[in-house]
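Listed below are the residues making up each chain.
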Amino acid sequence: MRLVLLPLLLLLATPAAAEPVRFAAFGDMPYCNRDPEACRGEVARVEALTGAINAARPDFSIFLGDTKAGGEACSDAIILDRTARWFARIRGPLVYTPGDNEWTDCWQPRAGGFDPIERLRLLRARFFSAPVSLGAAPMRLQRQSDLDPQHRLYVENARWERGGVTFLTLHVPGSDNNRPRDGAPGTPPGAAQEYPARNAANLAWLREGFAVATAAGSRAVVVAMQADLYFRDRCGRGTVAGHVDTRDALAAAARDFGKPVLLLHGDSHFWLRDHPAPGVPNLTRVMVPGDGDTRAVVVTLEPEAAEPYRFELIGPADRIALPGCG
C-alpha cells in the first residue's frame, strides 16, 4: 500500500505549471473624417474587429485610448455614446485607458473647442464610475481612487491580477501628456494645474503596482497606457518632456523587478515590438496598430518560458500600416 500511495502523494505535492495568460490589446480607433459615409465605414470596421476579438476568446481586452480622430468633434455623441455602443460589443471584460483625442486635444477648433477638463470629467463619470471593467462580462478592478486617499480623482488608473501576472493602467496620453508648454501658444486650458497632479498620481500608482507585484511574487507585470513614450528616440523630433518621468520610473521599476515587464501602448498607429530602455532587457514594448489599420494584438504571456510572449494580430489586414514618423 505504501508503494502505491507514495507516487500519488508526490504527484499531489508537485505544484501545477501556471497557465499562460491570454488577452487582447488595441487602440486608436475608429478614426473618422468629416465624411459621414466614410465614418460609418470606419465604425463598421471596428465592429468587425470586436467580432474577431470575441471569436478569439481572450481572458480580457484592453483598449489603449483614442476612441476618435483628433479632427472629430469631442461631442457627447462621439466620445461617450458612440464609444459606449461599440465597447458593449466586447463579450468579455474590457479595460479602457484614455487617450489625448477624447479630452486633451478637445480645446482645438478642429475638435469643437471644448474644455478639456470638462470632457475628462465626463469620461470619468461615464466609463470609470465603478470598480469593474467595461464589456459585457465585467471583471473586478482595483482603482487608485479607492486605494490611495491622496489621489482620489484618478478613477481611470486600474490594477488587476490574472494567472499570477499583475496588470495596471496609467493615464498617460499623447500630446506630451497634457504638459503645459511654459505659457507658449498651444497649451491646453487647465493644463498647468491638471498635468502635475495627474503625473504625480501616475508615478505613485506605478510604484505601488510594482511593490504589490513584488510582494505577491507576481510572475510578470503588464503596464498599459496610450502614449508613445519613445517617439523622439525613433523619429528625432517631438516634445517628450511630459513623458520623461514615466519613462524613467518604468525603466527603474522594471530593472528592480527583474522578471518580464510588458509595456502596451498605441498613439503612433503601427505594430511595433522592441526593448526601448537601454540596460533593461526584461522590459518589452509593444505598440498596437490603429488609425485605419484596424487590428488588435492577442498576447499570450507565459513568463517562465524562454520566450515569454507570443503575439498574434487579428482583424482586417487590408490596410496594414508601415512604421513611420507621421
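The structure we're discussing is the one just above.
How each quantity is defined
- Residues numbered from 1 in each chain as written.
- Predicted model: local features only at pLDDT ≥ 70, side-chain atom pairs only at ≥ 80, totals over all residues.
- Heavy atoms only, no water.
- Helix = DSSP H or I, 4+ residues; strand = E, 2+ residues; numbered from the N terminus.
- Rg over C-alpha atoms; globule rule 2.2 N^0.38 Å.
- Buried < 20%, exposed > 50% of the residue type's maximum accessible area, 1.4 Å probe, protein only.
- Axes fitted to C-alpha atoms, helices over the stretch in contact; angles between N-to-C directions.
- Parallel < 35°, antiparallel > 145°, perpendicular 65-115°, else oblique.
- Contact = heavy atoms within 4.5 Å.
- Pairing = 2+ DSSP bridges.

1. Let's talk about the overall build of the protein chain
The helix and strand tally for the protein chain stands at eight helices and twelve strands. The C-alpha radius of gyration of the protein chain comes to 20 Å, within 12% of the 20 Å expected for a compact globule of 326 residues. If you line up the protein chain on its principal axes, its C-alpha atoms span 80 × 40 × 40 Å. Out of the 326 residues belonging to the protein chain, those deemed buried represent 53%.

2. Examining the packing of helix α6 (residues 191-216) against helix α8 (residues 244-257)
Remark: α6 packs on α8, axes separated minimally by 11 Å, with the N-to-C direction vectors making an angle of 5°. It follows from the interaxial angle that α6 and α8 lie roughly parallel. In this structure, α6 uses Tyr195, Asn199, Leu203, Leu206, Phe210, Ala213 and Thr214 to contact α8, whose residues at the interface are Asp245, Thr246, Ala249, Leu250, Ala253, Ala254 and Phe257.

3. Structural notes on the pairing of strand β10 (residues 283-287)
Burial analysis of β10 places five of its five residues in the buried class, the great majority of the element. Across the two faces of β10 the burial is the same, with Leu283, Arg285 and Met287 and Thr284 and Val286 all buried. As judged from the five bridges shared by strand β8 (residues 261-265) and β10, these two strands associate in the parallel manner. Residue pairing in the sheet places Leu262 in a bridge with Thr284 of β10. Taken together, the three bridges between strand β9 (residues 272-274) and β10 define a ladder with antiparallel strand orientation. Across the sheet, Leu272 pairs through a bridge with Met287, a residue of β10.

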